[in-house]
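Residues per chain, in single letters:
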Amino acid sequence: MFTGDLLLHSRVNAVARANAADDPGLSYDYGSLLAPIAPLVEAADWAVCHLEVPLSADDTRLSPYPTFRVPGDIARAVRAIGYDACTTASNHVLDQGADGVAETLAVLDAAGLAHTGSARSPQEAQPMWLDLGGIRVAHLAYAYGFNGFTVPSRSPWLANLLDESRIVADADAARRQGAEYVVVSLHWGEQYQHEPNRQQQELGPRLLASPSIDLVVG
């Protein structure tokens, strides 16, 4: 199962804050907001969320739109309803810079969520590798842009930018490393527009024409 953006605007966080008022163990309780989809997530053999925003490890230093940092309690909440992993390549992944990427991935690690799309080191900038029913799967993730932020030249592995040649090369490399099935997640399209744009219409079929790519998730 793949689901869309986890995008926590201030009003969402306000509800979660109120929900946690009677629980001394939580600063933000997103459980009731996620409860309606819990049965669907729990039923999946492997459930993947798309985390669009940086996380705070201690639920402090929060930042609203347009440069997000949201409570890390959301990671524990999505794990609790059955998510196994999150893609992290999005237009907001660099909102808090390299430190924000590192903190976000540390929060996901602590919650027991696998991840792909951003990295803390060249060694970590690899596909998410899965063994699903005996099938070796590689999962890659990319974003169309970073809202004006750029990946520092000294750390090109920090976040994955959508580039056709790079995606195909990464998928080819995953095949050489033993992937039997390759999934590519793309954060793309026009905000507030449901219909696919020209890039999506043209790039999706071209990627799927590659013998190294089996599934594109938008």
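Presented here is an overview of the structure given in this document. (Residues numbered from 1 in each chain as written. Predicted model: local features only at pLDDT ≥ 70, side-chain atom pairs only at ≥ 80, totals over all residues. Heavy atoms only, no water.)

**Points about the overall build of the chain**
Of regular secondary structure, the chain possesses seven helices and 10 strands. Since a compact globule built from 218 residues should have a radius of gyration of about 17 Å, the 17 Å found for the chain is in line with a globular shape. Taking the principal axes of its C-alpha atoms as reference, the chain extends roughly 55 × 40 × 35 Å. Among the 218 residues that make up the chain, the fraction classed as buried is 46%. (Helix = DSSP H or I, 4+ residues; strand = E, 2+ residues; numbered from the N terminus. Rg over C-alpha atoms; globule rule 2.2 N^0.38 Å. Buried < 20%, exposed > 50% of the residue type's maximum accessible area, 1.4 Å probe, protein only.)

**A word on a nonpolar patch on the surface**
On the surface, a cluster of nonpolar side chains totalling about 250 Å² of accessible area is made up of Met1, Ile37 and Leu40. Mapped onto the secondary structure, isoleucine 37 falls in the loop between helix H2 (31–34) and helix H3 (38–43). (Patch = residues over 30% accessible without salt bridge, like charges linked within 9 Å, V, L, I, M, F, W, Y side chains within 5 Å. Areas by Shrake-Rupley, 256 points an atom, 1.4 Å probe, with all protein chains shown as cover. Salt bridge = Lys/Arg side-chain N within 4 Å of Asp/Glu carboxyl O.)

**With respect to the sheet that holds strand E8 (residues 135–143)**
The sheet built from four strands is open, its strands ordered E7-E8-E9-E10 with mixed pairing. Lying at the two open borders of the sheet, with one neighbouring strand each, are strand E7 (128–132) and strand E10 (215–217). Strand-to-strand twist across the sheet, computed as the mean angle between neighbouring axes with direction ignored, equals 25°. Note that E7 and E8 share five bridges and pair antiparallel. The residue bridging leucine 130 from the neighbouring strand is valine 137, located in E8. (Pairing = 2+ DSSP bridges. Axes fitted to C-alpha atoms, helices over the stretch in contact; angles between N-to-C directions.)

**What about the sheet that holds strand E2 (residues 48–51)?**
Read from one edge of the open sheet, four strands run E1-E2-E5-E6, paired in parallel fashion. In this open sheet, the two strands that pair with only one neighbour each are strand E1 (2–6) and strand E6 (114–116). When the angles between neighbouring strand axes are averaged without regard to direction, this sheet yields 25°. In the sheet, strand E5 (residues 85–87) pairs with E6 via three bridges, with the strands oriented parallel. When the bridges of E6 are listed, alanine 85 appears paired with alanine 114.

**Some points on the pattern of salt bridges**
Pairs may arise between side chains of opposite charge once their charged atoms sit close together. Summed over the entire model, instances satisfying the criterion amount to 11 salt bridges. In this structure, aspartate 58 engages arginine 61 in a salt bridge whose closest nitrogen and oxygen atoms are separated by 3.2 Å. Judged by relative accessible area, which is 44%, aspartate 58 ranks as partly exposed. In this structure, the salt-bridge partner of arginine 69 is glutamate 103, at a minimum N-O distance of 3.9 Å. In this pair, arginine 69 is assigned in the loop between strand E3 (55–56) and strand E4 (70–71) and glutamate 103 in helix H5 (residues 97–111), connecting sequence segments 34 residues apart. As far as burial versus exposure is concerned, arginine 69 and glutamate 103 are alike and both buried. Overlapping salt bridges bring together Asp58, Arg61, Arg69 and Glu103 as one network.

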